[in-house]
Every structure is written in structure tokens, then in C-alpha cells.
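Fold and geometry: a report
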Amino acid sequence: AQSVSQHNHHVILSEAASLELGCNYSYGGTVNLFWYVQYPGQHLQLLLKYFSGDPLVKGIKGFEAEFIKSKFSFNLRKPSVQWSDTAEYFCAVTQTNTGFQKLVFGTGTRLLVSP
Amino acid sequence: KAGVTQTPRYLIKTRGQQVTLSCSPISGHRSVSWYQQTPGQGLQFLFEYFSETQRNKGNFPGRFSGRQFSNSRSEMNVSTLELGDSALYLCASSLGKNTGELFFGEGSRLTVL
């Protein structure tokens, strides 16, 4: 069965530090990849997505992610975090033949950015 | 425009009871998906409805069911509640096409005592 692994459950950074959150998935077929974010007290929202093409995708708020097919990875990065980036981040994957609604999520990474 | 609305936001039930949760999608969205979020298992896909038809189903027992109405509003039902059903139930809507973006509601938090 498909699975998604997020290696870091909790990350604490100071403002202006660089961020990289790891995500690996287990499915060997064609996939679509996503990062969702949940800010404190808010609902889940899409940060960025990869369907095909350029493996480096850019999302909102300066986030980017790189798809490395050979490593089954889709790591999230941001060069310089801000206090407002404090949130929980979820990596997710769907198989292209099951539709975009059936997401398999990782367990999430809680990011705390100290001012 | 209004986001995804879920009701009730919080509810407490006892073992053996049943519960119905409601979700109103964003206007124009025809797909509604349901997810269960727990601290131990994270977010798990329950099912997805599109134009009143269940299009995808996750690995949950038959006690979990759902339906979608002609106005795209959806309900999910859990019968014979167990302690392990305590969770945040999230509804997400989308256009149903391959846009790749789900719009989530704030969830219904169910506590089973």
C-alpha cells in the first residue's frame, strides 16, 4: 500500500534560518505530490503541488519543493523562515489513476519558528 | 466566496451510538471527500463523492458511510461508535476535475466516551 514518511515530527528554528522538511513516499508508479499546511487555528490549505514537468516547484509564501524520482522524495524548502511560518506541514501523494481527492498523507511536521 | 462548512464543530457521543456529520462544499464544487485525523494515524482518507456517487473509498469498516445530495452537500455517518472513532473528521471539496487542490473545512471533532 502507498505510504508517505515525514522524517521530522517537530522542528524548531529561529527566524531567518533555512528550512528543509523531508518527505518520502513508497509508491512506484506515477504519482502527484502535494504539501499542505495548517496554521494554528486554521484549516488545511495547499502550499504547493507537483504533477509533471520541472521537478522544482514553487508555492506560496516563498516555499519550494523538489521532486527526486530516484529517491522517491519531495522535500519542502524555504531559504529564510519567518515567525508566521509556524504551522504543521503535511506531505501527501495520490496515484494518478485514483484521482486527486484520495490523498495519502504523511504524519505531519510541526514547525515552530522563534522570533 | 464562502469556504467549506462543517457541522457540528464539536460533539460528544457514547459507545454504541451513531453520529451524522454534515459538510457544505464551496459553491460550484461537485466533489466532497472525507478524512479522519487522529494523533496516532494522522490523516486517513474515508471516501469521496462526486455528483452523488461514491467514487473512491478508503479502508474503513462498513460502520462508516456517507452520501451526497444533489446540491453537493454531503453527510457522513458512523454507526455503533467505538472509543477509537474519536477523531477530527475533515471534509474537503474540489471541482472534481484534476486541479489537484482540495479545500478543507475546519472539521468536526468527535469524542466518544
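Look up: the structure comes first, before these words.
Below is a short write-up of the structure. Just so you know, these numbers come straight off a predicted model, no measurement behind them. Counting from 1, residues in each chain are numbered in the order their sequence is written. As they are written, the chains are lettered A onward and the ligands numbered 1 onward, keeping that order. Reporting of local features is limited, given that this is a predicted model, to residues whose pLDDT is at least 70; pairs of side-chain atoms are given and counted only at 80 or more, and all residues count toward the totals for whole chains, interfaces and linings. Based on all heavy atoms of the structure, the side-chain values leave hydrogens and waters out of the count.

We now examine the overall build of chain B. For helices the rule is a DSSP run of H or I covering at least 4 residues; for strands it is a run of E covering at least 2, with both sets numbered from the N terminus onward. Each helix and strand in chain B was counted, giving zero helices and eleven strands. Along chain B, from the amino end to the carboxyl end, the secondary structure elements read β-β-β-β-β-β-β-β-β-β-β. Rg of the C-alpha trace for chain B: 13 Å, near the compact-globule value of 13 Å for 113 residues, within the 12% margin. If one aligns the C-alpha atoms of chain B with their principal axes, the spans along those axes are about 40 × 25 × 25 Å. The buried share of chain B, reckoned over its 113 residues, is 50%. Partitioning the intrachain contacts of chain B with sequence separation of at least 6 by distance along the chain shows that 54% fall at a separation of at least 24. Only the C-alpha atoms count toward the radius of gyration. The rule for a globule is 2.2 Å times the residue count to the power 0.38. Note on exposure labels: buried denotes an accessible area under 20% of the residue type's maximum, exposed denotes more than 50%, and partly exposed covers the range between, all computed with a 1.4 Å probe on protein chains only. Residues are treated as being in contact if the distance between any of their heavy atoms lies within 4.5 Å.

The next subject is the overall build of chain A. In terms of helices and strands, chain A carries zero helices and twelve strands. For chain A, the sequential pattern of α-helices and β-strands runs β-β-β-β-β-β-β-β-β-β-β-β. In terms of principal-axis extent, the alpha carbons of chain A reach across some 45 × 25 × 20 Å. Restricting the contact set of chain A to residue pairs at least 6 apart, pairs at least 24 apart contribute 55%. Computing the positive centroid from 9 side-chain charges and the negative centroid from 7, chain A places the two 7 Å apart. Only four residue types enter the charge count: Lys and Arg as positive, Asp and Glu as negative, with His and the chain ends excluded. Here the site of a charge means atom NZ of a Lys, CZ of an Arg, CG of an Asp or CD of a Glu.

In this section: the packing of aromatic side chains. The geometry of two aromatic rings is summed up by the distance between their centres and the angle between their planes. Pairing of aromatic rings covers Phe, Tyr and Trp, the last counted by its six-membered ring, and requires centre-to-centre distances within 6.5 Å; plane angles under 30 degrees mean stacked, over 60 mean edge-to-face, and any other angle means tilted. Summed over the entire model, instances satisfying the criterion amount to 16 aromatic pairs over all chains. Ring centres of Y50 of chain A and F74 of chain A lie 6.5 Å apart, and the angle between their planes is 45°; on these two criteria the pair is classed as tilted. A residue pair is termed long-range when its members are at least 10 positions apart, and Y50 of chain A in strand β6 (residues 45–50) and F74 of chain A in strand β9 (residues 73–78) qualify at 24 residues. The residues Y50 of chain A and F74 of chain A share a single accessibility class, namely buried. Centroid distance F105 of chain A to Y35 of chain B: 5.6 Å. Interplanar angle 85°. Geometry classified as edge-to-face. Within this pair, whereas F105 of chain A is found in strand β11 (residues 104–105), its partner Y35 of chain B is found in strand β4 (residues 31–38), the two belonging to separate chains. Lying across the ring of F50 of chain B, R55 of chain B places its NZ or CZ 4.3 Å from the centre. In this analysis the charged atom, NZ for Lys or CZ for Arg, is taken to sit over a ring once it is within 6 Å of the ring centre and within 35 degrees of the ring normal.

The next point concerns the interface of chain A and chain B. Contacts between the two partners involve 16 residues from chain A and, on the opposite side, 22 residues from chain B. When two parts are put together, the accessible area they lose, computed with a 1.4 Å probe and summed over both, is reported as buried area. Summed over both partners, the interface of chain A with chain B comes to about 1700 Å²; 55% of that surface belongs to carbon and sulfur atoms. Salt bridge, as applied in this entry: a Lys or Arg side-chain nitrogen positioned within 4 Å of an Asp or Glu carboxyl oxygen. Here chain A and chain B share zero salt bridges between them. Two N or O atoms form a polar contact when they lie within 3.5 Å of each other; inside protein one atom must be a possible hydrogen donor and the other a possible acceptor, and for residues adjacent in sequence the pair counts only when both atoms belong to side chains. Where chain A touches chain B, the interface holds three residue pairs in polar contact (both at pLDDT 80 or more). Taken together, the elements giving at least two residues each to the side of chain A that touches chain B come down to β5 (31–38) and β6 of chain A. All amino acids are sorted into three groups, where Ala, Val, Leu, Ile, Met, Phe, Trp, Tyr, Cys and Pro are nonpolar, Asp, Glu, Lys and Arg are charged, and the leftover types, Gly among them, are polar. Tallied by class, residues from the side of chain A that touches chain B come to nine nonpolar, five polar and two charged.

This part covers the pairing of strand β7 (residues 64–68) of chain B. Residue and element names in this part refer to chain B. By definition, two strands form a pair when at least two bridges between them are found by DSSP. Pairing of β7 with strand β8 (residues 74–78) involves five bridges; the strand directions are antiparallel. Counted as the bridge partner of R67 is E75 from β8. If you look at the hairpin formed by β7 and β8, you'll find five residues sitting between the two strands, and S72 has a positive phi there, around 75°.

Here we take up the state of the cysteines. Counting rule for disulfides: a pair of cysteine sulfur atoms within 2.5 Å. If you walk through the whole model with that rule in mind, you get two disulfides over all chains. Disulfide pairing is shown between C23 of chain A and C91 of chain A; the S-S distance is 1.9 Å. For the disulfide bridge between C23 of chain A and C91 of chain A, the dihedral angle about the S-S bond is near -65°, and by the sign convention the bridge is left-handed. Of the two residues, C23 of chain A sits in the loop between β3 (19–21) and β4 (24–25) while C91 of chain A sits in strand β10 (residues 87–95), which places them 68 residues apart along the sequence. Classification of C23 of chain A as buried rests on a relative accessible area of 0%. For C91 of chain A, a relative accessible area of 0% corresponds to the buried category. Two residues share a disulfide in this structure: C23 of chain B and C91 of chain B, whose sulfurs sit 1.8 Å from each other. Residues C23 of chain B and C91 of chain B are joined by a disulfide whose S-S torsion is about -60°; by sign, that bridge is left-handed.

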